[in-house]
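Fold and contact review
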Amino acid sequence: MDAIVVGTDGSPGAEAAVRKVIELAGGSGATVHLVCAYPGKSTLERIGMTARQETVDLRGVAADLLARDERRLVDAGFTVEKYAREGDPAQTIVDVAGDAKADLIVIGAHGNTGTRRFMLGGVAGKLAHHAPKSLMIVRED
């Protein structure tokens with residue numbers, strides 16, 4: 001296995017996915033393509049017609065999540081490529097998997113449930129139907 005795509009959003013399920021990749025492929029020399037998708041601004045936010053006063057740098061939050069998981073994967077012997085992209089999580093993962101010619105896609109069974117979720121519900125279902133390669137859905141331990 002040369003290329004593995006891992007979707008992350010900081011949730012316990014995503015953390016379990018990272019642990020499973022380390023357990024199954026640690027030391028193999030594979031490249032892990034670590035993906036964190038975040039939602040874009042709403043139409044009202046883009047034109048400045050919203051009550052929201054402070055902006056949240058979701059790209060920065062995604063980069064922080066990626067850096068945390070990157071360290072764990074590098075320590076386990078993987079080469080890591082990181083992708084913080086705005087958009088639909090399932091489509092972003094499919095796009096990265098295609099570009100990277102991934103052998104395997106790994107995601108957690110459930111995404112975050114906070115006020116701003118990165119991997120919105122249904123990601124596993126969408127990937128089950130559209131993933132270009134094998135898909136592993138990991139449940140929390």
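All of these numbers come straight from a predicted model, not from anything done at the bench.

What the rule picks out here adds up to eight salt bridges. When the shortest N-O distance is used, the salt bridge between arginine 71 and aspartate 75 registers 3.2 Å. Linking arginine 71 with aspartate 75, this pair stays in helix α3 (residues 58-75), spanning four residues, or about one helical turn. One salt-bridge network, in which partners are shared between bridges, spans Glu15, Arg68, Asp69 and Arg72.

With that settled, the discussion passes to the confidence of the model for the chain. Per-chain confidence: the chain averages 85 in pLDDT, with 80% of residues scoring 70 or above. Predicted confidence in the chain is weakest over helix α2 (residues 43-46), with a mean pLDDT of 58, and strongest over strand β1 (residues 3-7), with 97. Scored below 50 in pLDDT, residues 114-120 shows 23 contacts in the model against residues more than four places distant or in partner chains.

Turning our eyes to something else, we now look at the pairing of β1. Counting buried residues along β1, five of its five residues qualify, which places the element largely inside the surrounding structure. Every second residue of β1 is oriented toward a common face, with Ala3, Val5 and Gly7 on one face and Ile4 and Val6 on the other, all of them buried. In this sheet, strand β2 (residues 31-38) lies alongside β1 in parallel orientation, the contact comprising five bridges. Within the sheet, the bridge partner assigned to valine 6 lies in β2 and is leucine 34. Examined bridge by bridge, β1 and strand β4 (residues 104-108) share three bridges and lie parallel to one another. Paired with isoleucine 4 across the two strands is leucine 104, which belongs to β4.

The rules we used
- Residues numbered from 1 in each chain as written.
- Predicted model: local features only at pLDDT ≥ 70, side-chain atom pairs only at ≥ 80, totals over all residues.
- Heavy atoms only, no water.
- Salt bridge = Lys/Arg side-chain N within 4 Å of Asp/Glu carboxyl O.
- Helix = DSSP H or I, 4+ residues; strand = E, 2+ residues; numbered from the N terminus.
- pLDDT = per-residue confidence, 0-100.
- Contact = heavy atoms within 4.5 Å.
- Buried < 20%, exposed > 50% of the residue type's maximum accessible area, 1.4 Å probe, protein only.
- Pairing = 2+ DSSP bridges.

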